Every structure is written in structure tokens, then in C-alpha cells.
Amino acid sequence: MQSYYEANARERLDGLLDPGTFREILPPVARTLSPHLQALDLPAAFDDGIVIGTAKLEGLAVLVAAQEGGFMGGAVGEVQGAKITGLLERARNAEVAGIVLLLETGGVRLQEANAGLIAVSEVIRAICATRVAGIPVIAAIGGQYGCFGGMGIAAACCTGIVMSEEGRLGLSGPEVIETAHGVEEFDSRDRALVWRTVGGKHRFLLGDCDVLVDDRIDAFRRAIAQALREGDRLDLDAVEREHALLQRRVDRFGGCDDGADIWRDLGFPDPENVPLLATDALVAISQRLRAA
Amino acid sequence: MDWHDVTARLFPEGHHVVADGDLLAGTGRCGDTTFAVIGSAHHAEIGVELALAMARLVLATMRTHPGRPIVFLVDTAGQRLRRRDELLGLNRCMAHLAKCVEVARSRGHRVLGLVYDQALSGGFLATGMMADLCAALPESEIRVMNLSAMARVTRQPVERLAELARSSPVFAPGAINYVKMGAIDALWEGDLAAHLAAAVADAPATDTRRDVGQARGGRLLAAPIALRANVE
């Protein structure tokens, strides 16, 4: 079974989508290169590091976008952002079950500075507007660069998030925090600490991702299809429920210093063991604790 | 600029805006219109508490005063860069605030933003950049990060970036560059109340920033690429 983590953007699409159904929009032959990278004499990409198109996934008509972590860590510039925003807006006029975003990104492409920041804000606004129109947007996170910066906000704006244990999701990356406040605040080279703070298991136990899957493309496919079938409703009741959930979280866990403290509070008798648990074992324990 | 001066100039008919720590909250009257005022002061770092506090104000406005226009007053040094905030899911709290703004828009609230001092990256995405229309005071700064930090991350000489900042709106931090790129509608000078009254009447209902950026020559590819992604 193919690893999602190891695959590049196009390999992920190959494994996720129904064979022969993918039609790429603005493929590399369209040569949509970033003018800002060229101005800095930096290598550009013909697809600007994002693959977008129409397809079917387990028989469901979808629009898909896949970020290529291998190109500038998946960072979002003017062209890449516009491709995602245009795809999201396309859903309003298309008969689709939803939009699937395979996110692997450090956030704003700093080489494009202001243009990158504005592009990310346009993606965030387009995700929210798409959802208000009743169209689900599902994010998948499981690549080696994680999902950070403004795109971490974009992911959390989506209808649902599917993650693997290997995935990481946050706003400021560990290196950024270490640069700002020192290694005592966040040792970005302490791999275990990073995963206890922003890793897939922590995000699942907190409820930030809806589904935790094994690092296999077929596992992502099943979870994404299930999430698409559940539909979407972003309205006042939904944001009021979300507010109550987040307020309870900050009240309850605001004094915790480490992911393990939160897991103990959630009822895991042996939180040090959580990183060693297999995904299905972790999900089973978590479901039992939530039911109790 | 101090938020007291800004609110006095925006709301000559009077306001009840107070600061609770870094949070600004209250109402202001401009002409015949009452605005819900939500914002941050003192170059606030936006952590989980402040993001949720602003979201709560948007929710309360929707429940208690349906249709009342909302104005965000923006002065932020960006998202709070702490491990604790990441542990608690600061990205989700920011996203929640952005979603509240979108739901307010869908229920007929006009949402405006005014950058009155500084706006950095993550602290700006869920407020002013979610608004129907965002303006800035001429002396304000908007940026992703400062040039020296950007030089370090991008491995470009700072002199090179400084030179680019002079010739390209993409790299310079002044609010005027965000005007050229379409993300800021205009710099507000003089009679702020008149600008606010005009903005609430004229703000576009959809996201037109990339078209504005193209028309102003500061961001040429976003509009045509997004259009092609939509129709091709």
C-alpha cells in the first residue's frame, strides 16, 4: 500500500482519484510561472507547485487541488493562490460533491511577500464563501512539510480535516517560534515535542482533525469520500457551537504545558504511551473515552 | 496612532469603545449608522484568548443586532508566537474568527476594516483581510515580516530586497503597496467619518481584491489565473 507521506502531489492524485477521471486545469503546458521568483532569479515551476483539476473520487464528482511540497515547501505565491481560489469559486457553478485540498505547505511564500499573504487571504475567504454556499471543502494533511502559516488557518476553515499521524498542523511553525523566543520556548529539533504539539495524534485527540488515518493513500481516499458524503452547513448555529467548543478547550487546557498533560486530562492513563500506539488503537481508546 | 484618536475621528456622533487589555470593543455612531466596533490595540499579539474574544463579539452582534455593520480596528504585531498557543490550536481559533465574519456577511452585516497602526501576517488574516472592504491610515504598516528576517529566510541579501522594495510593491511594507495590490481599498486621510460612511455604502459584496490589484497595476496575474482556474 502506497505511503501518502512519501508520495508527491501527482502520485497522491493518482492514488486517490478514480482511474482515468482526472482532468487537469492549467497544467504545466500552460506555463503559469511565478513572475516574482523569476525577478529574484529563483527557479520557477510550470504549475507553480500546485496541481488542480476535476475528477471523481469513489464515484463522487470533485474538484481537487494538491500542493507539491517538493517545490519551495509548498509555499503559496500569487499564481498558486489564484489557482486554488479560482478552483474554489468554480464549485459554485459546477455539479460537485465538494472540493478536496491536499495541503502540504509552510504558508506564505516569503519570496513573494505581500503577494503571497494576500493570496492566502483570498484562499481563506474563498473556502469560507464556498462553505456558506453549502459545498463541503475537505482538507488532507499528511506530507513531510505539514500545514502551517496562513494555510493552517485555511485548513481549519474547511468542513473537515483528514490527517495521518505523520501530518502536522499549526499556525506558527516550531522554527519560527524558536527564532522569536528561543530554544527554551520551543526546541524545533525535539521531534517528539514537535509531534506532541502539532502532530496528527494530538490534533485528533483535541478534535482538530475529524479523522486520523494510517499513512496510506487508500486510507485517505476512504476518509475523504466519507467526509464529502456528510455534506456541510456553515451558519450561525455552527459557529456558535464551534465557539462553545473552543472556549471550553481554552478554559480546560489553557494551563497545560504539553500535549501529554492534555491527553492525561482527557483520560489516557498512560499519556507517555500515546506516541507508540497504532492509529486504530488510539482511535478506539479515544472513542471509548468520549463515549464515557 | 492611538485608538482613542481614531475612534474620535471615525465617530463624531459619539462612541462607547473601550479597551479591555488589548481588545477593543463597543459601538460608534457615524451619521445615522451605529457600528459594532471590534479590534485590537497596543500592537497586540493575537493568541487564542484574543481571537476567541473577537469572535464572541461578532457572534453577539449577529444575535443581538442583526444587520448592524461591523468595523474592525486593526493594530497587531501578528499571531502570538508561543508553543502554548500552538498546543491549543491557535490556527483553529483564527479560522473560527474568519468563519464568524463570513457568516455575518452572509446574514447581511457589512464588514469593514481599518488598519490604524500596524498589521502583520497571521493577526490580520482573520479580521481586516476578511472584511468586505479594508482601508488603512497613511502612516500604517502592513507586512508579512521585516526585510532583515525575510532576507534570512529567503537567503537573499537584504540590500537586494531593499532595492526590490523600492521598485516593487510586492516587497515593501508600507500600506500604499497593499493599495496598489488591491488588498487595501484606499488610504484614509482627513475626515475619517466621511470615509467610513462612504465605505459602508459602497463596499463590494464579493471578493474583488484581485481585480482591483490588476486595475491598479500592482498584482497582474491573480485575476486572470483565478478566472482561468474557474472556467477552463
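Caption draft 1: Geometry of the side chain of H243 of chain A. By the element assignment, H243 of chain A lies in helix 10 (residues 236-253). Given the relative accessible area of 9%, H243 of chain A is considered buried. Here H243 of chain A is in contact with L52, A55, R56, L59 and H96 of chain B, once residues within four sequence places are set aside.

Caption draft 2: Region of interest: the interface of chain B and chain A. Facing the 73 residues of chain B at the interface are 86 residues of chain A. A buried area of about 6900 Å², summed over both sides, lies between chain B and chain A, and 62% of it is on carbon and sulfur atoms. Three residues stand out in chain B for area buried against chain A, namely R83, L87 and R92 of chain B, and they jointly supply 13% of the buried area on that side. On inspection of chain B and its partner chain A, the count reaches nine salt bridges. In this structure, E185 of chain A engages R82 of chain B in a salt bridge whose closest nitrogen and oxygen atoms are separated by 2.9 Å. For the side of chain B that touches chain A, the element with the highest residue contribution is helix 4 (residues 90-106) of chain B, accounting for 14 residues. Looking at side-chain class alone, the side of chain B that touches chain A contains 39 nonpolar, 12 polar and 22 charged residues.

Caption draft 3: Examining the pairing of strand 2 (residues 23-30) of chain B more closely. Residues and elements named next belong to chain B. Across six bridges, the pairing between strand 1 (residues 15-20) and strand 2 is antiparallel. Residue H16 lies in a different strand from strand 2, and its bridge partner there is T27. In sequence, strand 1 turns back onto strand 2 through a hairpin of two residues, with G21 there showing a positive phi of about 65 degrees. Across eight bridges, the pairing between strand 2 and strand 3 (residues 33-40) is antiparallel.

Caption draft 4: Region of the structure containing helix 1 (residues 3-10) of chain B. Residues and elements named next belong to chain B. All of the buried residues along helix 1 are W3, V6, T7 and L10. Angular distribution of buried residues about the axis of helix 1 spans 95 degrees; they occupy a single face of the element. Considering only its buried residues, helix 1 is in contact with strand 1, strand 2, strand 5 (70-79), strand 6 (111-120) and helix 9 (192-202).

Caption draft 5: Local environment of the packing of helix 1 of chain B against helix 9 of chain B. Residue and element names in this part refer to chain B. As a packed pair, helix 1 and helix 9 sit with axes 7 Å apart at the nearest point and diverge in direction by 65 degrees. Between helix 1 and helix 9, the residues in contact are V6, R9 and L10 and L192, A193 and L196, respectively. In terms of residue class, the contact of helix 1 with helix 9 is built from five nonpolar, no polar and one charged.

Caption draft 6: View of the sheet that holds strand 6 (residues 160-164) of chain A. All names here are of chain A. Across the sheet, seven strands lie side by side as 1-2-3-4-5-6-7; this open sheet has mixed pairing. With partners counted over all chains shown, the strands left at the sheet margins are strand 1 (23-25) and strand 7 (211-213), one partner each. Each neighbouring strand pair of the sheet contributes to a mean axis angle of 25 degrees, computed without reference to strand direction. Pairing geometry for strand 2 (residues 50-57) and strand 3 (residues 60-67), over eight bridges, is antiparallel. Considered in strand 3, the bridge of A55 is made with V62.

Caption draft 7: Quick look at the confidence of the model for chain B. Overall, the predicted model of chain B reaches an average pLDDT of 94, with 100% of residues at or above 70. For this predicted complex, the interface score ipTM comes out at 0.98, alongside a pTM of 0.97.

Caption draft 8: Layout of the environment of D261 of chain A. Residues and elements named next belong to chain A. Structurally, D261 can be placed in helix 11 (residues 259-266). D261 gets classed as partly exposed once you look at its relative accessible area, which sits at 29%. For the pair D261 and E272, spaced 11 residues apart in sequence, the C-alpha separation works out to 9.6 Å. Within the structure, D261 has its side chain in polar contact with the backbone nitrogen of D257 (distance 3.3 Å).

Definitions and limits used
Here the residue numbers are simple positions, counted from 1 along each chain's written sequence. Whichever chain is written first is A, and whichever ligand is written first is 1; the rest continue in order. Thresholds applied to this predicted model are a pLDDT of at least 70 for local features of residues and 80 or more for the giving and counting of side-chain atom pairs; totals over whole chains, interfaces and linings are not thresholded and use all residues. With hydrogens and water set aside, each side-chain value is computed from the structure's full complement of heavy atoms. Put simply, DSSP H or I for four residues or longer makes a helix, DSSP E for two residues or longer makes a strand, and each gets a number counted from the N terminus. A 1.4 Å probe rolled over the protein chains alone gives each residue an accessible area, and that area as a share of the maximum for its type sets the label: buried under 20%, exposed over 50%, partly exposed in between. Should any heavy atoms of two residues lie within 4.5 Å, those residues are counted as being in contact. A simple way to read buried area is as the amount of 1.4 Å-probe accessible surface that goes missing from two parts once joined, with both sides added. Between Lys or Arg on one side and Asp or Glu on the other, a salt bridge is scored when a side-chain nitrogen of the former is within 4 Å of a carboxyl oxygen of the latter. The classification used treats Ala, Val, Leu, Ile, Met, Phe, Trp, Tyr, Cys and Pro as nonpolar, Asp, Glu, Lys and Arg as charged, and all other residues, Gly among them, as polar. For two strands to be treated as a pair, DSSP must find at least two bridges joining them. Note that the arc is defined by the directions from the helix axis to the C-beta atoms. For every element, the axis is a line fit to its C-alpha atoms; helices are fit only across the contacting stretch, and the angle between N-to-C directions ranges from 0 to 180 degrees. Confidence of the predictor at the level of single residues is given by pLDDT, which spans 0 to 100. Within 3.5 Å is the distance limit for a polar contact, defined as a pair of N or O atoms, with the added protein rule that one can donate a hydrogen and the other accept it, and that residues adjacent in sequence qualify only through two side-chain atoms.

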